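Now for the letters of each chain:
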Amino acid sequence: MSNKSPHPGTAAARAMAEHRVVEDSHFERRFTASAALKDQTFDFVVVGSGSAGSACAGRLAASPSRPSVLLLEAGGEAQNAPTVRAHHHMLRLWRSEVDWHYRTTPQPQLTNADNGGGRVMDLERGKTLGGSSCLNYGMWVRGAAQDFNRWATQFKCGSDWSYDAVLPNFKRLEGLAGSPLLEGGDAPDAKYRGFRGPVAARVPHPPLPEVRDFIQACAANGVPPTNDYNGAKMEGAAPTQFSVLASGGRANAFTSFVDPLVRQGLPNLTVASEAFVTKVVLEGTKARGVQLELPEGDTITVRAGKEVILSAGAIATPQLLMLSSIGPRDQLEKFGIPVVSDLPGVGSNLQDHPVAGLSVCAPPKAVEQLSARLDSTGLNGVAFTKSRKDKERDGRAGVDSGPDLELVLLSRLDPLGWPVKAFVHDFQGKMPQLHTNSWLQPLRDLIHSAGQCLVSTVVEEKAKGTIGLMVVLNHPGKKSMGSVKLSSGDIRDHPLIDDALVRDEEDVECLLEGVKLVRDILLSPGMKKWVGGVEVNGLANSVEELAAASDEALRAHILRTTTTTWHYSCTARMGDPADPDVVCDPHLRVKGVQGLRVADASVMPFVVSGNTNASSMMIGDKCAELVLRDHGLKDSE
């Protein structure tokens, strides 16, 4: 029996998913790849329809020069399925048929519930038109202005990537609705915000009572309010902005950028789903197209007259590059892959944002105010601030890097998904080898599925009344930079992913500052009515124990609970072409290969100070701008 995965977009692949949440009838069949694509030539072939790929393909296709554009997606068409469009179903999508099911290698620095090391993390990635924008929390966060100015100068990406240069791209993307963003604040500033773009961005409801109290408690603990963290001032506390439609549904990348053009009947735009790209086709050092596998198993080649653009994400993009003879020589030769361009930076420098935090149970009177909403993933308040440790780092490096701590208020959690995660975590505490022995992973997956069936109404009600404050570390240290490496020469075998979260001891210290700050916020008088019982496994069973927890106990809690925020990035970074670790030049062209670019979070030289969905869309939009300019093609208004 073969241990290879089936074609990722097919019904067979969906049937093998660990659990199924999208009915077959909700998968559309408008764009299914067929043999008619064989040997066709398109000006531009974009691989991946996620946040960056859809933005890039949409802007290229909208050019008045009408270049022919092919957008390829390995997954199916679940972008409009009810469980995808409703934010509150998000946790149910993980490990499902619309997820790639990536996992890390054992992480020695991360402990399990029994404090033994070697934890393995699930790394969810979207496998449908729209990519991970169909699975994520939907928070609309651009990053700090300092991020992009550092890209331009410190990382030598040039003037196209300064904050002033990317601001028009961000404004072009967003259709901001709702004024003001902060209760009692000013209207959004048109100098910084866009109001006519395709991505619906908004605070989806009036400020909730717990959000008001969170903002006041932050101010009492040294983090003042900010009117708009995507505007003039990022640092401060505010209601969370989401990429959400007025109806409350998810605004994913494909339905925002591409589907409107398809429905207009744009003749130069072709979309193909269930089109599994296996490699870039090179002739010498020129990218001539891609090889892809159709749903029925046939392999065909599609040609690119001008360029191939990889937008498969920070895990799949470096894997595709290496399997296409582009990457570290030792990696390629290990699996008998000929070397066309020896680029040691492909797959290195993997960055992610670690998250840790605290949660408490709301008292009974508050529970009914915390029922799940259709227009929110539960992350209803956010605050950005800077730790003392990060200020020390900036001082040593002589830079200004913006806020490194992102404090996120969790309330109104998914009434099923969250208890399932807790159920599995508790079980793993009793059997930690489930996380350390890969041969036991099928049992772990079975337990996850069983958890969905066994979670009781009592647990569901408890989850509805949960309040949490999470701390995201936005500036990982140098020792916390991981890698994506080949596990074989077969695209169906997932790569070896070393996420390296908090491997840098300074990252633990930054998170410790953050956890102590959110403890002070949670236990402050302004949040008192939201805090009932305290049950933080392994740390505290009462408010008094939580308040008294030592730094040593909090560090152990951080190592036991820290996990990914799914902000994988930087594995094909752009910068000075003379730097041997750089993969792409400032126009996103892959070094040593003509006609090939990368447009996704892989190209970030350093991960942005915030969630990566908006910045990935910006990168896709900027790539299209550069491509059109480089080829002398007209740009849309």
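Residues numbered from 1 in each chain as written. Predicted model: local features only at pLDDT ≥ 70, side-chain atom pairs only at ≥ 80, totals over all residues. Heavy atoms only, no water.

Asks: Explain the overall build of the protein chain here, please?
Replies: Counting secondary structure elements, the protein chain contains 20 helices and 23 strands. Buried residues in the protein chain amount to 63% of all 637 residues. Taking contacts inside the protein chain between residues at least 6 apart in sequence as the whole, the part at least 24 apart equals 75%. When the accessible area of the protein chain is evaluated, it comes to approximately 22,300 Å², of which 52% is carbon and sulfur surface. (Helix = DSSP H or I, 4+ residues; strand = E, 2+ residues; numbered from the N terminus. Buried < 20%, exposed > 50% of the residue type's maximum accessible area, 1.4 Å probe, protein only. Contact = heavy atoms within 4.5 Å. Areas by Shrake-Rupley, 256 points an atom, 1.4 Å probe, with all protein chains shown as cover.)

Asks: Help me out: how do you make sense of the packing of aromatic side chains in this one?
Replies: Think of a pair of aromatic rings as described by two things: how far the centres are apart, and how the planes are tilted against each other in angle. This structure, assessed with the given rule, holds 11 aromatic pairs. With a centroid separation of 6.2 Å and an interplanar angle of 80°, the aromatic rings of W94 and Y137 are classed as edge-to-face. Here W94, found in the loop between α4 (90–93) and β3 (102–103), pairs with Y137, found in the loop between β6 (122–123) and α5 (145–152); they are 43 residues apart in sequence, far enough to count as distant. Comparing W94 with Y137, the two get one shared label, buried. For the pair W94 and W566, a centre-to-centre distance of 4.8 Å together with 45° between the ring planes defines the contact as tilted. (Phe/Tyr/Trp six-rings, centres within 6.5 Å; stacked < 30°, edge-to-face > 60°.)

Asks: Looking at this structure, how should I read the sheet that holds strand β18 (residues 405–410)?
Replies: Pairing between sheet strands relies on hydrogen bonds along the backbone, with the strands arranged either parallel or antiparallel. Strand order across the open sheet formed by six strands is β9-β17-β18-β19-β16-β22, with antiparallel pairing between neighbours. With partners counted over all chains shown, the strands left at the sheet margins are β9 (236–239) and β22 (563–564), one partner each. Pairing geometry for β18 and strand β19 (residues 466–473), over six bridges, is antiparallel. Paired with V408 across the two strands is M470, which belongs to β19. Relative to β19, helix α17 (residues 505–522) is tilted by about 150°, and along the sheet it contacts β16 (354–361), β17 (379–385), β18 and β19. Lying on the sheet, helix α19 (residues 551–561) is in contact with β16 and β22; it crosses β16 at an angle near 110°. (Pairing = 2+ DSSP bridges. Axes fitted to C-alpha atoms, helices over the stretch in contact; angles between N-to-C directions.)

Asks: When you look at the pattern of salt bridges in this model, what are you seeing that I'm missing?
Replies: Counted by the stated rule, this structure contains 37 salt bridges. Here D122 and R95 are joined by a salt bridge, their closest N and O atoms 3.9 Å apart. One end of the pair, D122, is in strand β6; the other, R95, is in the loop between α4 and β3, with 27 residues separating them in the sequence. One exposure class covers both D122 and R95, and it is buried. Note that K529 and D213 form a salt bridge whose closest N and O atoms lie 3.6 Å from each other. Here the residue K529 occupies a position in the loop between α17 and α18 (543–548), and D213 occupies one in helix α7 (residues 209–220), the gap between them amounting to 316 residues. By relative accessible area, which is 51% here, K529 ends up exposed. D213 gets classed as buried once you look at its relative accessible area, which sits at 12%. (Salt bridge = Lys/Arg side-chain N within 4 Å of Asp/Glu carboxyl O.)

Asks: Could you clarify how one ought to interpret the nonpolar core in this entry?
Replies: Of all hydrophobic cores here, the largest spans 182 residues; its most connected members are L60, L72, W151, W161, L321 and L596. Setting aside residues no more than four positions away along its own chain, L60 makes contact with F44, V46, P67, V69, I309, A624, V627 and L628. (Core = buried A, V, L, I, M, F, W, Y, C linked by side-chain atoms within 4.5 Å.)

Asks: Help me out: how do you make sense of the confidence of the model for the protein chain in this one?
Replies: Any segment with low pLDDT has predicted coordinates that should not be analysed in fine detail. The pLDDT averaged across the protein chain works out to 88; a share of 86% of its residues lies at or above 70. With pLDDT under 50 throughout, residues 414–430 is counted as low confidence; its partners more than four residues away or in other chains account for 42 contacts. (pLDDT = per-residue confidence, 0-100.)

Asks: Just to check I follow, could you spell out the side chain of H101 for this structure?
Replies: Considering the arrangement of structural elements, one finds H101 in the loop between α4 and β3. Within the structure, the side chain of H101 is placed 3.5 Å from the backbone oxygen of R95, a separation counted as a polar contact. Of the polar contacts made by the side chain of H101, one reaches the backbone oxygen of S96; its length is 2.7 Å. (Polar contact = N/O pair within 3.5 Å; in protein donor to acceptor, adjacent residues only side chain to side chain.)

Asks: What am I meant to see in helix α8 (residues 253–263) here?
Replies: Note that an α-helix has 3.6 residues per turn; residues three or four places apart therefore point the same way. Burial analysis of α8 places eight of its 11 residues in the buried class, which makes it a mostly covered element. For α8, the full list of buried residues reads A253, F254, T255, S256, F257, V258, D259 and L261. Put simply, N252 is the residue that caps the front of α8, since its side-chain oxygen is 3.1 Å from the backbone nitrogen of F254.

Asks: What should I look at first to understand the side chain of T317 in this one?
Replies: Within the element layout of this structure, T317 appears in helix α9 (residues 313–323). The class for T317 is buried, based on a relative accessible area of 0%.

Asks: Can you help me understand helix α6 (residues 163–173) in this one?
Replies: All of the buried residues in α6 are Y163, V166, L167, N169, F170 and L173. Buried residues of α6 fall within an arc of 165° about the axis and therefore sit on the same side. (Arc of directions from axis to C-beta.)

Asks: Can you walk me through the packing of helix α12 (residues 388–397) against α17 in this structure?
Replies: How two helices sit against one another is set out by the angle between their axes and by the gap between those axes. It is at 8 Å that the axes of α12 and α17 come closest, and there the two elements cross at 140°. Taken together, α12 and α17 sit at an angle that is classed as oblique. Residues R388, K389, D390, R393 and R396 of α12 lie in contact with α17, whose contacting residues are E506, D507, E509, C510 and E513. Partitioned by chemical class, the residues of the contact of α12 with α17 number one nonpolar, no polar and nine charged. (Parallel < 35°, antiparallel > 145°, perpendicular 65-115°, else oblique. Nonpolar A, V, L, I, M, F, W, Y, C, P; charged D, E, K, R; others polar.)

Asks: Can you help me understand the packing of α6 against helix α20 (residues 613–630) in this one?
Replies: α20 packs onto α6 with a crossing angle of 105° between their chain directions and a minimal axis gap of 9 Å. When the interaxial angle is binned, α6 and α20 end up roughly perpendicular. Note on element contacts: α20 touches α6 through A614, S615, M617, M618, D621, K622 and E625, opposite A165, V166, N169, F170, R172 and L173. Tallied by class, residues from the contact of α6 with α20 come to seven nonpolar, two polar and four charged.

Asks: Explain the environment of A165 here, please?
Replies: Relative to the assigned elements, A165 resides in helix α6. Taking the C-alpha atoms as reference, A165 lies 8.9 Å from F148; in sequence the two are 17 residues apart. Excluding its chain neighbours within four sequence positions, the residues that come into contact with A165 are S159, D160 and K622.

Asks: Help me out: how do you make sense of unusual backbone geometry in this one?
Replies: Glycine aside, negative phi is the norm for most residues, and most peptide bonds take the trans geometry. Located in the positive-phi region is E274, a residue other than glycine, with phi close to 50°. Tracing the chain through its elements places E274 in the loop between β10 (269–272) and β11 (276–283). Judged by its relative accessible area of 8%, E274 is buried. One non-glycine residue, W566, lies in positive phi territory at about 65°. Inspection of the secondary structure puts W566 in the loop between β22 and β23 (596–598).

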